[in-house]
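Take a look at the letters that make up each chain.
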Amino acid sequence: VHGGESKDEGKEDEVIEIPPEMGSNGKAAKYVFVRIPRPVIGVERLSLLCGILRLEACKDSSFGKVMTIMGSLSRVRENRQILLKELGTVAESLGGDALRDLTELNEKLSMATKEFEDEKKEKGDEDKVIKSNKKIPASALTLSTTSAELRLLRVLQSVVNLESSGSMLTKLDLTALWSELTKCLKFVSKLEGLGEVEEGEGVEEDERVSAESGGSGAGNNDVSGDAADISGISGDGAPAAAKLSQSTSAAALVNRFLPSIQSFFLLATTKKDEEDKMAPVKLTRVDSITGKQLVNETQEALKGLVGGQSLLQFVKMNRVLLNALIRSTPNLLEKSLKALVEVKPLRGFLDFDVKRKYFSSLLKRKRSSANRRYGSVRLNVRRDHIFEDSYHQLRLRSAEEMRGRLSVNFAGEEGVDAGGVSREFYAVLAREMFNPNYALFVASQDGCTFSPNENSYINGDHLSYFKFIGRIVGKAICDGFLLDAHFTRSFYKHCLGDSVDHHDMQAVDPEYYKNLKSILNYNLEDLGLELTFSDEKESFGRLITRDLIPNGRNVAVTEQNKGEYVKAVCENRLTNSIRSQLDAFLTGLHELVDKDLLALFNARELELLISGMPRIDIDDLRANTEYSGGYKASDRIVGWFWKIVGEMTENEKASFVMFFSGSSKVPLEGFAALQGMRGIQKFSLNKAFDRNSLPAAHTCFNSIDLPDYESEDILREKLLYAVNEGATGFGFA
């Protein structure tokens, strides 16, 4: 066709049109448009073409050529439909081959596990078994990936390339293969020294706290770690799990199953058809305060995926092995295992250091681009006026400029900034942020954490300052520097877009938190309270009344709606009263660090990302400990206790302090100034009498109830389990 359109009847591609400028001045005469044949190939020939992918002789070069041919032929709708059907047949056939390979491997793993457990019984100690073999037991096995698993993965990827909707993948049934894969990974876990994970175990994405402040910790998704040096203890808290998640031998073993794991993720994360997505989500959760049914966020996030629930269970059961695998091959999070960061319910199963490394790699790319384009961000500041000088020099710079490398010079001081001066800059500036003369932040009653001052409006530039502070925090995160700035837990929740609850009030106003608990736990009439849906607060000598709902000051609080009242008053005090300050801070923070990137972390992890983990002096804690219930400092179990605590890693020490005090932060004056419900309250060790129970913490009193266990080993096991499982959250004691 010369000088016109070329269009086939069955063609699905866009119509190729002659650009107007070509037709207007005769340029079209230089081009010849030809109707290209679009043949429909027979089923038998296309079946032979797809069959090549099943052959062991089909190497990378051959695979590439076949895919090129398929890509060209699939432009014809009839060809594409046949190719997809044939590829589905090939995939199921290869799935059968892979299943036989894994079944055979399972038998080897089962025998190795039995031998290991028999030897363990004989020697009575798993560590002795490992030392006697001079290697991890499973490493004695020769595990090589079979070609069937690799070819299956390539065929599934081919289907995705030909059909972006992935509807063909939804028709494949490889359930038996995934079941065999799960069995293999269980054996690997056992051989590497990790106990079997029950199907119901795992972490919840949202943080939970019980209504009883004097209770023992109940685990949630928080993971302890240091922003500078994180060991990445997994959320299930077992020491063996922590060790295994960083094991190079474990990573090597799991890497053998990588093609099958990738295939599973590829199928499980296939998007459902639109009509399937419209299925209603079950309201299976109930708000513990208001009693209202809530949408199950996990189900909501997974309902659009074909294998959403299967994927959740798989990740939950194999979280430690997956973390070990990702540590050895970090780019998996950007490729085949990206669902672990893209699907919100799965993020909580990643260790903090794994998420942080992925997070840092993305920020580093943006920083490198800014460095090439804008160069360094040069600052010349006076140490005594660091806040004002930094504010005026940085506030007009764009976000892209701010991502450049920081180069700081303190006026009147010698020194070339090779990183040390910048670190000093952040340290001094972080302290100045909380200078009461700026009226930007107020300290909580524990004196360790800060939250925005709702009366900061007395400073005319307060919102501009909050935006600046948000940018400084974002800049420190991008540059990998830690700030000596600890905010309240509710503030970190705001940074992540999470909702606050009445438990967050404890850090801000412990006495008011105690009153709210009384409202929830006792009858209002017995307490003699007559409340309305309004909140009164004093501001500069004036009593200000705010309605929590329209005309709230005239709506009485009853037994039926008191839960809603508590929720509303906390929302007012922790969020609405500082909304403008929060918005300004978050505007500055999100200019440097995308909100979606921050969402990888929970509130505890965000605190570690910004502030790191303080070094904890156990000798100082021991010197400021009180004993009660029959314990003395000279008791044998007390000696065991301090020996075990002294041998903890820095991460475990932070979890230990979090366990008994509710915060991993140490007062500036040391443990002698530890705050409790009645002001300064030193750590106390109380005697408990049920040897079958775990140690229980009472964070309001900075105390631990410790049973008199029979041996040091039992004490170590019970204490570490309680600390790692109960470092965050509360439960009834």
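Residues numbered from 1 in each chain as written. Predicted model: local features only at pLDDT ≥ 70, side-chain atom pairs only at ≥ 80, totals over all residues. Heavy atoms only, no water.

## Let's talk about the overall build of the chain
Stage number 1. Helices and strands together make up the secondary structure of the chain, namely 33 helices and 14 strands.
Stage number 2. In the chain, which comprises 733 residues, the proportion classed as buried is 50%.
Stage number 3. For the chain, restricting intrachain contacts to residue pairs at least 6 apart in sequence, the fraction spanning at least 24 positions comes to 74%.
Stage number 4. Carbon and sulfur atoms make up 49% of the accessible area of the chain, which amounts to about 35,200 Å² in all. (Helix = DSSP H or I, 4+ residues; strand = E, 2+ residues; numbered from the N terminus. Buried < 20%, exposed > 50% of the residue type's maximum accessible area, 1.4 Å probe, protein only. Contact = heavy atoms within 4.5 Å. Areas by Shrake-Rupley, 256 points an atom, 1.4 Å probe, with all protein chains shown as cover.)

## Regarding a nonpolar patch on the surface
Stage number 1. On the surface, a cluster of nonpolar side chains totalling about 350 Å² of accessible area is made up of Tyr-457, Ile-458 and Phe-540.
Stage number 2. Assignment of secondary structure puts Tyr-457 in the loop between β6 (450-452) and α21 (462-479).
Stage number 3. Among the residues examined, Tyr-457 registers a relative accessible area of 44% and is labelled partly exposed. (Patch = residues over 30% accessible without salt bridge, like charges linked within 9 Å, V, L, I, M, F, W, Y side chains within 5 Å. Salt bridge = Lys/Arg side-chain N within 4 Å of Asp/Glu carboxyl O.)

## Notes on the pattern of salt bridges
Stage number 1. Summed over all chains, the structure comprises 32 salt bridges.
Stage number 2. Its salt-bridge partner being Lys-366, residue Asp-594 comes within 2.8 Å of it at the nearest N-O pair. Of the two residues, Asp-594 sits in the loop between α27 (579-592) and α28 (595-598) while Lys-366 sits in helix α17 (residues 352-374), which places them 228 residues apart along the sequence.
Stage number 3. Asp-594 gets classed as partly exposed once you look at its relative accessible area, which sits at 31%.
Stage number 4. Residue class for Lys-366 comes out partly exposed when judged on its relative accessible area of 29%.
Stage number 5. In this structure, the salt-bridge partner of Glu-559 is Lys-562, at a minimum N-O distance of 3.0 Å.
Stage number 6. One connected set of salt bridges, linked through shared partners, spans Lys-643, Glu-647, Glu-712, Asp-713 and Arg-716.

## Some thoughts on unusual backbone geometry
Stage number 1. Despite not being glycine, Ala-439 has its phi angle at roughly 55°, a positive value.
Stage number 2. Among the secondary structure elements, Ala-439 is positioned in the loop between α20 (420-433) and β5 (441-443).
Stage number 3. At Asn-702, a position not held by glycine, the phi torsion is positive, near 50°.
Stage number 4. On the secondary structure map, Asn-702 appears in the loop between β13 (696-698) and β14 (703-707).
Stage number 5. In this structure Asn-702 comes out as buried when scored by relative accessible area, which is 0%.

## Structural notes on the packing of helix α10 (residues 258-268) against helix α13 (residues 308-317)
Stage number 1. Their axes nearest at 9 Å, the elements α10 and α13 cross at an angle of 145°. Two packed elements cross with a definite hand, and for α10 against α13 that hand is left-handed. Of the residues in α13, those touching α10 at Ile-261, Phe-264, Phe-265 and Ala-268 are Gly-308, Ser-310, Leu-311, Phe-314 and Val-315. (Axes fitted to C-alpha atoms, helices over the stretch in contact; angles between N-to-C directions. Left-handed = near helix turned anticlockwise from the far one by under 90°.)

## Focus: the packing of aromatic side chains
Stage number 1. Counted under the stated rule, the structure contains 30 aromatic pairs.
Stage number 2. Seen in terms of ring centroids, Phe-264 and Phe-314 are 4.7 Å apart; in terms of plane orientation they differ by 40°. Their pairing is tilted. Taken together, the residues span a long stretch of sequence, with Phe-264 in helix α10 and Phe-314 in helix α13 at a distance of 50 residues.
Stage number 3. Accessibility expressed as a relative area gives 5% for Phe-264, which makes it buried.
Stage number 4. Plain terms: the ring middles of Phe-660 and Phe-683 are 4.4 Å apart, the flat faces sit at 40° to each other, and that makes the pair tilted. Of this pair, Phe-660 sits in helix α32 (residues 650-661) while Phe-683 sits in strand β12 (residues 683-688), and the two are 23 residues apart along the sequence.
Stage number 5. The class for Phe-660 is buried, based on a relative accessible area of 0%.
Stage number 6. Note on Phe-683: relative accessible area 0%, which makes it buried.
Stage number 7. The rings of Phe-434, Phe-441, Phe-450, Phe-466, Phe-487, Phe-491, Tyr-492 and Phe-585 are connected pair by pair, giving a single aromatic cluster.
Stage number 8. The ring centre of Phe-63 lies 4.6 Å from the NZ or CZ of Arg-154, which sits over that ring.
Stage number 9. Sitting above the plane of the Phe-410 ring, Arg-383 keeps its charged end 4.3 Å from the centroid. (Phe/Tyr/Trp six-rings, centres within 6.5 Å; stacked < 30°, edge-to-face > 60°. Lys NZ or Arg CZ within 6 Å of the ring centre and 35° of its normal.)

Don't take any of this as a statement about function, it's just geometry.
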